[in-house]
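What follows is each chain in one-letter form.
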Amino acid sequence: MMATPSRCAPSSPVVRDEREQPMTAVGSKCKVCKGPAVIDLPRHNAKFCAEHLQQLCRRQMAKAIDDFDMLSPDDRILVAVSGGKDSLAVWDMLIEAGYHADGLYIGLGIGDYSNDSGGYVQRFADERGLQLQTIDLRDEYGYDVPTAARATKRVPCSACGLSKRRLFDQAALDGGYDVLVTGHNLDDEAAVLFGNTLRWDIEYLARQLPVLPAGNGFPKKVKPLVRLTEREMAAWCLVRGIDYVVEECPIAAGNRHLSYKESLNAVEANSPGAKASFYLGFLERMAPLLAGMTAAATGDLNDCSRCGSPTTGDVCAFCRLVEKSSAHEPVPVEMLLTRGGKVRR
Ligand code: AMP
Ligand code: FES
Ligand code: ZN
Ligand code: ZN
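What you are looking at is a predicted structure, and each value in this text was computed from that prediction instead of being measured.

## Digging into the overall build of the chain
Of the regular secondary structure elements, the chain holds 13 helices and 10 strands. Taking 2.2 N^0.38 as the reference for a compact globule, 345 residues should give roughly 20 Å; the C-alpha atoms of the chain span a radius of gyration of 20 Å, in line with that estimate. Reported as C-alpha extents along the three principal axes, the dimensions of the chain are approximately 65 × 45 × 40 Å. For the chain, the proportion of its 345 residues judged to be buried stands at 49%. When contacts within the chain are restricted to residue pairs at least 6 apart in sequence, long-range pairs at least 24 apart make up 69% of them.

## What about the coordination of the zinc ion (ligand 4)?
Protein coordination of the zinc ion (ligand 4) is provided by Cys304 (SG), Cys307 (SG), Cys316 (SG) and Cys319 (SG), with donor distances spanning 2.3 Å. Coordination geometry of the zinc ion (ligand 4): the 4 donor atoms subtend angles of 107 to 113° at the metal centre, consistent with an arrangement described as tetrahedral. Ordering the donors of the zinc ion (ligand 4) by residue number gives the pattern C-x2-C-x8-C-x2-C. By the burial criterion, Cys316 is buried, and Cys319 matches it.

## Looking at the coordination of the zinc ion (ligand 3)
Around the zinc ion (ligand 3), the donor atoms from the protein are Cys30 (SG), Cys33 (SG), Cys49 (SG) and His52 (ND1), and they sit 2.0 to 2.4 Å away. Bound by 4 donor atoms, the zinc ion (ligand 3) shows angles of 98 to 118° at the metal and therefore tetrahedral coordination geometry. Going along the chain, you hit the donors of the zinc ion (ligand 3) in the pattern C-x2-C-x15-C-x2-H. On the criterion of sequence distance, the pair formed by Cys33 in the segment before strand E1 (39-41) and Cys49 in the loop between strand E2 (46-48) and helix H1 (50-67) is long-range, its members being 16 residues apart. On the basis of relative accessibility, which here comes to 0%, the residue Cys49 falls in the buried class.

## Some remarks on the layout of surface pockets
Looking at the second largest pocket, its volume works out to about 160 Å³. Along the walls of the second largest pocket sit Arg58, Met61, Ala62, Ile65, Asp66, Asp69, Leu71, Met93, Glu96, Ala97 and Tyr99, which together make up its complete lining. Sorting the residues of the lining of the second largest pocket by element identifies H1 and helix H2 (85-96) as the ones contributing at least two each. Top element by residues in the lining of the second largest pocket is H1. It accounts for 5 residues. By residue class, the composition of the lining of the second largest pocket is 7 nonpolar, no polar and 4 charged.

## What to know about the packing of H1 against H2
Viewed as axis vectors pointing N to C, H1 and H2 meet at an angle of 85°, and their least axial separation amounts to 11 Å. Considering their axes alone, H1 and H2 lie roughly perpendicular with respect to each other. Contacts from Cys57, Arg58, Met61 and Ile65 in H1 reach Val90, Met93, Leu94 and Glu96 in H2.

## Some details on the side chain of Ser309
For Ser309, the location among the structural elements is in the loop between strand E9 (302-303) and strand E10 (310-311). Filtering out sequence-adjacent residues up to four positions away, Ser309 remains in contact with Arg166, Asn302, Asp303 and Cys304.

## With respect to the site of ligand 1
Surveying the vicinity of ligand 1 reveals 13 residues, the closest of which are Ala80, Val81, Ile106, Lys164 and Gly183. A distance of 2.6 Å is found between an oxygen atom of ligand 1 and a backbone nitrogen or oxygen belonging to Ala80. Interatomic distance of 3.3 Å between a backbone N/O atom of Val81 and a nitrogen atom of ligand 1. Considered on its own, ligand 1 offers 480 Å² of accessible surface; in the complex 77% of this is hidden by protein. Sort the elements by how many residues they give to the shell around ligand 1 and strand E4 (residues 100-107) lands first, with 3 residues. For the shell around ligand 1, the per-class residue count stands at 7 nonpolar, 5 polar and 1 charged.

## Describing the nonpolar core
If you look at soluble globular proteins, the nonpolar side chains tend to sit buried side by side. Formed by 63 residues in total, the largest nonpolar core has its most connected members in Leu71, Ile77, Val79, Trp91 and Leu94. For Leu71, the residues in contact, after removing those within four places along its chain, are Ile65, Ile77, Leu94, Tyr99, Val179, Val181 and Val222. Formed by 34 residues, the second largest nonpolar core is a distinct cluster that contains Leu78, Leu137, Leu180 and Ile251.

## Quick notes on helix H10 (residues 256-270)
Over its 15 residues, H10 runs 22 Å from end to end, which matches the ideal 21 Å to within 8%, given 1.5 Å per residue. Tyr260, Lys261, Leu264 and Glu268 are the residues of H10 that are buried. Buried residues of H10 fall within an arc of 100° about the axis and therefore sit on the same side. In H10, the exposed positions that point more than 90 degrees away from the buried face belong to Arg256, Glu262, Ala269 and Asn270. Taken together, the buried residues of H10 touch helix H7 (186-198), helix H9 (230-240) and helix H11 (274-290).

## Focus on the packing of H2 against H9
Remark: H2 packs on H9, axes separated minimally by 9 Å, with the N-to-C direction vectors making an angle of 65°. The hand of the H2/H9 crossing is left-handed. Across the interface between the two elements, Lys85, Asp86, Ala89, Asp92, Met93 and Glu96 of H2 pack against Glu230, Met233, Ala234, Trp236, Cys237 and Arg240 of H9. The residue makeup of the contact of H2 with H9, split by class, is 6 nonpolar, no polar and 6 charged.

## Observations concerning unusual backbone geometry
A positive phi angle is found at Lys153, which is not glycine, with a value near 55°. As for its placement among the helices and strands, Lys153 is situated in the loop between helix H5 (145-152) and helix H6 (156-174). Lys153 gets classed as exposed once you look at its relative accessible area, which sits at 75%. With a phi angle near 45°, Trp200 is a residue other than glycine that sits in the positive phi range.

How each quantity is defined
Residue indices follow the written sequence of each chain, beginning from 1 at its first position. Written order decides the labels, with chains lettered from A and ligands numbered from 1. In keeping with the model being predicted, local features are shown solely for residues with a pLDDT of at least 70 and side-chain atom pairs are shown and tallied solely at 80 or more, while totals for entire chains, interfaces and linings include all residues. Side-chain measures here rest on the full set of heavy atoms in the structure, leaving out hydrogens and waters. Working definition: helices are DSSP H or I runs of at least four residues, strands are E runs of at least two. Numbering for both runs from the N terminus. We compute the radius of gyration over the C-alpha atoms and compare it with the globule rule, which gives 2.2 Å times the number of residues raised to the power 0.38. A 1.4 Å probe rolled over the protein chains alone gives each residue an accessible area, and that area as a share of the maximum for its type sets the label: buried under 20%, exposed over 50%, partly exposed in between. Contacts are residue-level and defined by heavy atoms, with any inter-residue pair within 4.5 Å sufficient. Atoms are scored as donors when they are N, O or S and lie within 2.8 Å of the metal, with 3.2 Å used for Na, K and Ca; no water is included, so coordination may look incomplete. A four-donor site is classed as tetrahedral when every donor-metal-donor angle falls between 85 and 135 degrees; four donors are called square planar, and six octahedral, when trans pairs exceed 155 degrees and all remaining angles lie between 65 and 115, with any other arrangement labelled irregular. Of the grid points, spaced at 1 Å and generated over the protein atoms alone, those admitting a 1.4 Å probe that cannot get out make up cavities, while open sets with protein on both sides within 12 Å along at least five of seven lines make up pockets; any residue with an atom within 4 Å of a point is treated as lining. Grid points are joined across faces, edges and corners, and a volume is the space filled by probe spheres set on the points. Each residue is assigned to one class: nonpolar for Ala, Val, Leu, Ile, Met, Phe, Trp, Tyr, Cys and Pro, charged for Asp, Glu, Lys and Arg, and polar for all the others, Gly among them. For helices, the axis comes from a line fit to the C-alpha atoms of the stretch in contact; other axes are also lines fit to C-alpha atoms, and the angle between any two N-to-C directions lies between 0 and 180 degrees. By the definition adopted for this analysis, an angle is roughly parallel if under 35 degrees, roughly antiparallel if over 145, roughly perpendicular if from 65 to 115, and oblique otherwise. Nearness of a residue to a molecule or strand requires only that one of the residue's heavy atoms be within 4 Å of it. Here a polar contact is recorded for every N or O atom pair within 3.5 Å, except that within protein the pair must consist of a potential hydrogen donor and a potential acceptor, and residues adjacent in sequence are included only if both atoms are side-chain atoms. Shrake-Rupley sampling with a 1.4 Å probe provides the accessible areas, and residues are treated as covered by the protein chains on show and by no other component. As used here, the term nonpolar core means buried Ala, Val, Leu, Ile, Met, Phe, Trp, Tyr and Cys residues forming a set that is joined through side-chain atoms within 4.5 Å. Expected span, for any helix, means 1.5 Å times one less than how many residues it has. Directions are taken from the helix axis to each C-beta atom, and the arc is the one they span. A clockwise turn of the near helix away from the far one marks a right-handed crossing, whereas an anticlockwise turn of less than a right angle marks a left-handed crossing.

Here it is in structure tokens:
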């Protein structure tokens, strides 16, 4: 449901989330202005009206940008936009803050889900007169994510993540952008950190930073939403009237990342703020101890013998993926799903 933008108006509606649940009790008051609240944020022990929710989001993003030296006012920014709430919100917030930011959408070929997502991104850009670049995986590289999943016999998210990362990097470098922005939020980062910690994956832990500097053939990459949650971003979109794709990716269902999110949500429900302290505490106290433990830092990178990109082996994972997947007969997304909507293995 879309809420109309409201600025501390006495009739300010309570914002409802994607499951149509109100984000706060009717009649609750904003902590700052005592006007009608639209959202309850237990981790801040406060409720906020539409205007003060936006103020909180702007401040949290500005603090992340500042603390981690993410962006300069004159940077040419490329925002990777999926059509979901986080990436549309970060694009909106950056433009509102006065940054020069263009968009990038990757068509992953996941049936109607991809078509719908691309439509949301295109409308957002058109309505605001923003520059949007679209790259279609099948048109450019001869495969799509469902086909890659079948060809590699791995979970779809693995080929999807690898393809996205490479296309983001390539588009940012080719377009001469100073920095690539993604919409990863606090929930995403805490879930990835949880997974990396469960496996004690030191290489991944050492790389799990909100800023990755340019170098070694990679563009600078930043995540300005790391201090903001999924729920806060949904509320941002609702009060700003941003239309986004609500459905989750049909072939991501059941991935481990989602179960880590659920586990952390259970912890958060009992101890509000636990998620933020887990992730932000990692950045403050653990990440400095791991600095220098990535393959890039230890000098273990070679040039891929096919595309020249940095890799730890001879041929990079992306070139191997393209070779395998483009040779495979196209697999429509429906073939990956069982009748119950589960992903076939
Ligand atoms: P995900 O990997 O789906 O959790 O998405 C993480 C971030 O990657 C999003 O916030 C976007 O910034 C970006 N992203 C995901 N999918 C796409 C896509 N199809 N095109 C462009 N950017 C995307
Ligand atoms: Fe990547 Fe669904 S968006 S597998
Ligand atoms: Zn207020
Ligand atoms: Zn390669």
